[in-house]
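# Fold and contact review
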Amino acid sequence: MSEKIAESRGGRQKPPAVIELTDVHKWYGNFHALKNIDLTVRKGERIVVCGPSGSGKSTLIRCINRLEVHQRGSIHVNGVLLTNQTKNIKEVRQEVGMCFQQFNLFSHMTILENLTLAPILVRKMPANDAVDLAMSYLKRVNIADQHDKYPGQLSGGQQQRVAIARSLCMAPKVMLFDEPTSALDPEMIKEVLEVMVDLVNEGMTMICVTHEMGFAKSVADRVVFMDMGEIVEENTPDEFFDNPQVDRTQSFLNQILSH
Amino acid sequence: MANLVFIPAPDLPPPPGQVGIIRWLKLNFFKDTFSSVLTLLGLYFIFWITGPLLSWFILDAVYAGDSAACNAAEGACWSFIRAQIKLFLFGLFPRDLLWRPILAAALLAITFALTATRIIPVLAMVLCWTALVLISYWLFAGGFGLQSVPTTKWGGLMLTLMLSVIGIVASIPLGILLALGRRSKIGLISFLSVVFIESIRGIPLVTILFMATILLPLFMAQGADLSTVFRVQIGIILFSTAYIAEVVRGGLQGIDSGQQEAADALGLSGWKSTALIILPQALANVLSPLIGRCIALLKDTALVIVVGLLDFLGIAKAAAQSALWLGFEAEAFIFCAAIYWVLCFGLSRYGRSLEQIGAAK
């Protein structure tokens, strides 16, 4: 009782949960890829997921927008339970934006067409409005002058920024990033991370799988460490990097922070 | 302490070619003894063959006159072609109604020009080709205000073009659907697609044409009767569809799965992502084999002679055996080959131009 009073007086209401994974398991055939995943992401939170290769990080976030199918447990996105129903999946995918390691821009369309395609076809936006929307996001990621080029004519960093803008055009509630800078050379990593930091400063809820520990330290609310399909440890960046609780986390940190 | 300033060196032009024309000739044709001997043999061969070819084709050829004049001369008898040109082009189509196939040919040229120059959007193109097929059929067959012409009178280049164009226009969309069907997650559709493709691919076109002429009437309702031209056209469409499906399937397999994932992540439905994202890229990747199938189809239509239809090649053969013009098979077949070559090379060039549009991206 007293806690409730304390909460309503001066304490803060917790923001609503945007993504809830409860006891999620996934198998690829006989291989148990995700085990006992329990994760809650609230509005405005920034989660960084890290871990060794094959730990299930990408599988985890791909389950959220149904690019992978989980076999046990439940996933709620924005209150909507993720099931096999097409309508359901479509609803979820419109609220969740995703950026891939390989950018996956549509190479036969110009940058502008890449961005306006989904708003026009999925949100049924009129073409002119879609173009204005696209140009505004291209300006935000500093690439407006390239709008009539083709993806093949841009550098990796530029392509990834376009990919981010393309996801933003659908006004998602959550952005998922699957190792967005892993395919970029070092000078381009910075320009993409700057865009992501801007997004974060505007309050975007974000789950980012990355190896960029600097980004995690400066931006994340929570760092989630995964290994062998399980969440091993989950903590604030300060606690995570300076005071890891689990031995596996410690050995991982020793490896990545030593160079 | 980065005190030194990096100023990039200016780009220089590459060194000029060190060879003049004489040296170029020497390098490419007379590099060593063996090469020189081959060059001289080649030159000798060219001179040896050019003279007689030139005389036969052009210098000694007869351009006007009758059969007797041709027999008296040494060279080719092009007057035979000129005299029989209507037969070559239109088969036995009534001579007073030739404006109809000519109009159809003009419409074909216009539709092709519209497609090749890409002035009109894709949907309009599809409608134009459909309209062309329907209008051409009306012009050939008659009815609805035009005098009827039975299909037995269709022949020559007109028939070849009709069989090829309708074959290509019908089999490309059907082939694409079949390729998608083969990759479908619905087991029954996938199974049926595979059965169709592998059955057709396992049978020669000649056999399919025979089967079409004999078996199709069994599938039709009682009393309905399709002319041979129809049965053959359906056989050609089925044949081409199976091969086009395999070509398109190859293209689909070459598309990175990330494209489908990105489309899915944006919320695009299955059909929209297939039609707008996957298929355009897949087709662009296999333009060359696709055009190759179209060229092959154009030439394969010559096989209809085995079921008694007189297409361009069949007419050429028949014309060379007509009583008035006996003995000029060479001219007939050379003319036939030349026209086929022009059409096939035209298709090939068109395909090349399509590839270059994609390469610019």
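Remember, it's a predicted structure, so these values are computed and weren't measured experimentally.

### Quick look at the overall build of chain B
Within chain B one finds 15 helices and 0 strands. Radius of gyration (C-alpha) of chain B: 27 Å, far over the 21 Å computed for a compact globule of 361 residues. When its C-alpha atoms are laid out on the principal axes, chain B stretches across 100 × 65 × 40 Å. For chain B, with 361 residues in total, the buried portion stands at 39%. Partitioning the intrachain contacts of chain B with sequence separation of at least 6 by distance along the chain shows that 67% fall at a separation of at least 24. By element, 71% of the accessible surface of chain B is carried by carbon and sulfur atoms, the whole surface being about 20700 Å². In chain B, which carries 22 positive and 17 negative side-chain charges, the distance between the mean positions of the two groups comes to 5 Å.

### So, the sheet that holds strand β1 (residues 17-28) of chain A
Note: strands within a sheet are paired through backbone hydrogen bonds, in either parallel or antiparallel orientation. Residues and elements named next belong to chain A. An order of β2-β1-β4-β5 is seen for the 4 strands of this open sheet, with the pairing classed as antiparallel. Looking at which strands have only one partner, the edges of the open sheet turn out to be β2 (31-42) and β5 (80-81). Summarising the sheet, β1 and strand β4 (residues 72-77) pair through 5 bridges and their orientation is antiparallel. Within β4, the residue paired with L21 across the bridge is I75. In this fold helix α2 (residues 57-64) packs onto β1, β2 and β4, with an angle of close to 120° to the strand it touches most, β1.

### What to know about the pattern of salt bridges
This model, assessed by the stated rule, comprises 17 salt bridges over all chains. We note a salt bridge from R222 of chain A to E45 of chain A, for which the minimum N-O separation is 2.8 Å. In this pair, R222 of chain A sits in strand β9 (residues 222-227) while E45 of chain A sits in the loop between β2 and β3 (46-50), placing the two residues 177 residues apart along the sequence. Residue E45 of chain A is classed as buried on the basis of its relative accessible area, which comes to 16%. Across the pair E355 of chain B and R352 of chain B runs a salt bridge whose closest N-O atoms are separated by 3.7 Å. Of the two residues, E355 of chain B and R352 of chain B are both situated in helix α15 (residues 329-359); the distance of 3 residues between them amounts to about one turn of the helix. Members of the salt-bridge network, linked through shared partners, are R182, E198, R201, E246 and R249 of chain B.

### So, the environment of A330 of chain B
Residue and element names in this part refer to chain B. Topologically, A330 is positioned in helix α15. The exposure class of A330 is partly exposed, given its relative accessible area of 39%. For the pair formed by A330 and A316, sequence separation is 14 residues and the distance between their alpha carbons is 9.9 Å.

### Here we look at the state of the cysteines
Applying the stated rule across the entire model yields 1 disulfide over all chains. At a sulfur-sulfur separation of 1.8 Å, the disulfide partner of C70 of chain B is C77 of chain B. Taking the sign of the S-S torsion, about 75° here, the bridge from C70 of chain B to C77 of chain B comes out right-handed. Judged by relative accessible area, C70 of chain B falls into the buried class, the value being 3%. Classification of C77 of chain B by relative accessible area gives buried; the value is 1%. Distance from the sulfur of C63 of chain A, which forms no disulfide, to the nearest cysteine sulfur (C208 of chain A) is 17 Å. Accessibility expressed as a relative area gives 0% for C63 of chain A, which makes it buried.

### So, the side chain of T249 of chain A
Relative to the elements of secondary structure, T249 of chain A occurs in helix α10 (residues 247-257). Here T249 of chain A falls in the buried class, since its relative accessible area comes to 0%.

### Looking at the pairing of strand β7 (residues 174-178) of chain A
Residues and elements named next belong to chain A. Most of β7 sits out of view: 5 of its 5 residues are buried. Neither face of β7 is open: one carries V174, L176 and D178, the other M175 and F177, and all of them are buried. Here strand β6 (residues 96-99) runs beside β7; their pairing, made up of 4 bridges, is parallel. Of the residues in β7, the one forming a bridge with C99 is F177. The pairing of β7 with strand β8 (residues 205-209) spans 5 bridges and is parallel. Each residue of the ladder has a partner; that of F177, found in β8, is C208.

### Quick word on the environment of G51 of chain B
Residues and elements named next belong to chain B. Here G51 shows up in helix α2 (residues 33-59). Under the relative-accessibility criterion, G51 is labelled partly exposed at 34%. Linking G51 and S199, residues 148 residues apart in sequence, is a C-alpha distance of 51 Å.

Reading the values: rules and limits
Residues numbered from 1 in each chain as written. Chains lettered and ligands numbered in written order. Predicted model: local features only at pLDDT ≥ 70, side-chain atom pairs only at ≥ 80, totals over all residues. Heavy atoms only, no water. Helix = DSSP H or I, 4+ residues; strand = E, 2+ residues; numbered from the N terminus. Rg over C-alpha atoms; globule rule 2.2 N^0.38 Å. Buried < 20%, exposed > 50% of the residue type's maximum accessible area, 1.4 Å probe, protein only. Contact = heavy atoms within 4.5 Å. Areas by Shrake-Rupley, 256 points an atom, 1.4 Å probe, with all protein chains shown as cover. Lys, Arg positive; Asp, Glu negative; His and termini not counted. Charge placed at Lys NZ, Arg CZ, Asp CG, Glu CD. Pairing = 2+ DSSP bridges. Axes fitted to C-alpha atoms, helices over the stretch in contact; angles between N-to-C directions. Salt bridge = Lys/Arg side-chain N within 4 Å of Asp/Glu carboxyl O. Disulfide = S-S within 2.5 Å.

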